[in-house]
Amino acid sequence: MTSFLAHYGIVAIFCLMAIDAVFPAASELTMVYGGALASGALGRELDVFGSHAGGFEAYVAVVVSGLVGYQLGAIAGWAIGDRGGRPLLERRGRWFHLSPEKLDRADRWFARWDQWAVFVGRFTPVARSFISIPAGVFEMPFARYNALTLVGNALWCIVLAAIGWALGSSYHGFDDAFTYVEVAVVAVALLGAAWWLLRRRKSSTIAVRGDQAR
């Protein structure tokens, strides 16, 4: 991902943040690394549509591309939920990684926070990606949804890009310190995928035997 960001700059930031609005795409890493690139301390400058930039202008470009990408993705997510409603997610929720259990949790989240559910959700890692579609499903007014998303999204992008800027030349040391964590995360993900496949295969085998018994 960092290689993708380094090569495509603000285009990569825009795309990843747009995806993150409806499906987790590591918005934290995206904005932090984007800020670090903007600082010019990583030995390369930020790619801005084929040209390279550094300094405060590059920082602004990182923030704006992240903000616009996420905002458009969030609007698309709201529209999907508003048009399709809960029946769509009950049928196709797995496309958006929204199981019935996650949808129920989102329902409780909105019930708990009411109109601030979107704003608070934009500051909650991972969960922030599962706010957009449910907001449309639960018929949150678009103007309020868009305004709360814009404020939360802007603060998220500004702060994380600033953290990346501050890390600057020490980013590589920061990244190396988390190498073992990254390996552990990948290992857990692979084990989880293997467990899910085995469980699904077992369920399919039981279902087939049940049909044959009838």
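This text follows the structure it describes.
For clarity, every value in this text was computed on a predicted model and none was experimentally measured. (Residues numbered from 1 in each chain as written. Predicted model: local features only at pLDDT ≥ 70, side-chain atom pairs only at ≥ 80, totals over all residues. Heavy atoms only, no water.)

1. A few points about the packing of helix H2 (residues 27-39) against helix H7 (residues 142-167)
Move 1: At a minimum axis distance of 6 Å, the contact between H2 and H7 shows a crossing angle of 50°. By the angle between their directions, the pair H2 and H7 is classed as oblique. Between H2 and H7 lies a crossing of right-handed hand. Mapping the contact onto sequence places Ser27, Glu28, Met31, Val32, Gly35, Ala36, Ala38 and Ser39 in H2 and Trp156, Cys157, Leu160, Ala161, Gly164, Trp165 and Leu167 in H7. (Axes fitted to C-alpha atoms, helices over the stretch in contact; angles between N-to-C directions. Helix = DSSP H or I, 4+ residues; strand = E, 2+ residues; numbered from the N terminus. Parallel < 35°, antiparallel > 145°, perpendicular 65-115°, else oblique. Left-handed = near helix turned anticlockwise from the far one by under 90°. Contact = heavy atoms within 4.5 Å.)

2. Some points on H2
Because each turn of an α-helix spans 3.6 residues, side chains separated by three or four positions end up pointing in the same direction.
Move 1: Between the first and last C-alpha of H2 there are 18 Å, a value that for 13 residues agrees with the 18 Å anticipated at 1.5 Å per step.
Move 2: The buried fraction of H2 is high, at ten of 13 residues.
Move 3: For H2, the full list of buried residues reads Ser27, Thr30, Met31, Val32, Tyr33, Gly34, Gly35, Ala36, Leu37 and Ala38.
Move 4: Just downstream of H2, Gly40 is the residue with a positive phi angle, here 75°. (Expected span 1.5 Å × (residues − 1). Buried < 20%, exposed > 50% of the residue type's maximum accessible area, 1.4 Å probe, protein only.)

3. A short note on the environment of Val63
Move 1: Turning to its location among the elements, Val63 is positioned in helix H3 (residues 56-92).
Move 2: The exposure class of Val63 is buried, given its relative accessible area of 9%.
Move 3: Taking the C-alpha atoms as reference points, Val63 and Leu155, separated by 92 residues in sequence, lie 9.6 Å from one another.
Move 4: Each residue touching Val63, except ones within four places of it in the same chain, is listed here: Met31, Cys157, Ile158 and Ala161.

4. As for the nonpolar core
Move 1: Membership of the largest hydrophobic core comes to 40 residues, with the highest contact counts inside it found for Met31, Leu46 and Val118.
Move 2: For this core, the secondary structure elements donating two or more residues are helix H1 (2-20), H2, strand S1 (46-48), H3, helix H5 (117-121) and H7.
Move 3: Leave out the neighbours within four places in its chain, and Leu46 touches Gly9, Ile10, Leu37, Ser51, His52, Ala53, Ala58, Ala61 and Val62. (Core = buried A, V, L, I, M, F, W, Y, C linked by side-chain atoms within 4.5 Å.)

5. Here we look at H1
Move 1: The end-to-end C-alpha separation of H1 is 16 Å, well short of the 27 Å expected for 19 residues at 1.5 Å each.
Move 2: Taken as a whole, H1 carries its principal kink of about 125° at Tyr8.
Move 3: Every buried residue of H1 is listed here: Leu5, Ala6, Gly9, Ile10, Ala12, Ile13, Leu16, Met17 and Asp20. (Bend = angle between axes of the 7 residues up to and from the residue.)

6. What to know about a nonpolar patch on the surface
Move 1: Taken together, the side chains of Phe14, Phe56, Val60, Val64, Val68, Leu72 and Trp165 make up a nonpolar region of the molecular surface, amounting to roughly 610 Å² of accessible area.
Move 2: The biggest single contributor to the nonpolar patch is H3, with five residues.
Move 3: Tracing the sequence through the fold places Phe14 in helix H1. (Patch = residues over 30% accessible without salt bridge, like charges linked within 9 Å, V, L, I, M, F, W, Y side chains within 5 Å. Areas by Shrake-Rupley, 256 points an atom, 1.4 Å probe, with all protein chains shown as cover. Salt bridge = Lys/Arg side-chain N within 4 Å of Asp/Glu carboxyl O.)

7. Topic: unusual backbone geometry
Move 1: Of note, the phi angle at Ala26 is positive, near 55°, even though the residue is not glycine.
Move 2: For Ala26, the position within the fold is in the loop between H1 and H2.
Move 3: A relative accessible area of 30% places Ala26 in the partly exposed class.
Move 4: One non-glycine residue, Glu139, adopts positive backbone phi at about 60°.
Move 5: Of note, Glu139 is situated in the loop between helix H6 (132-137) and H7.

Nothing here speaks to function; it is geometry throughout.
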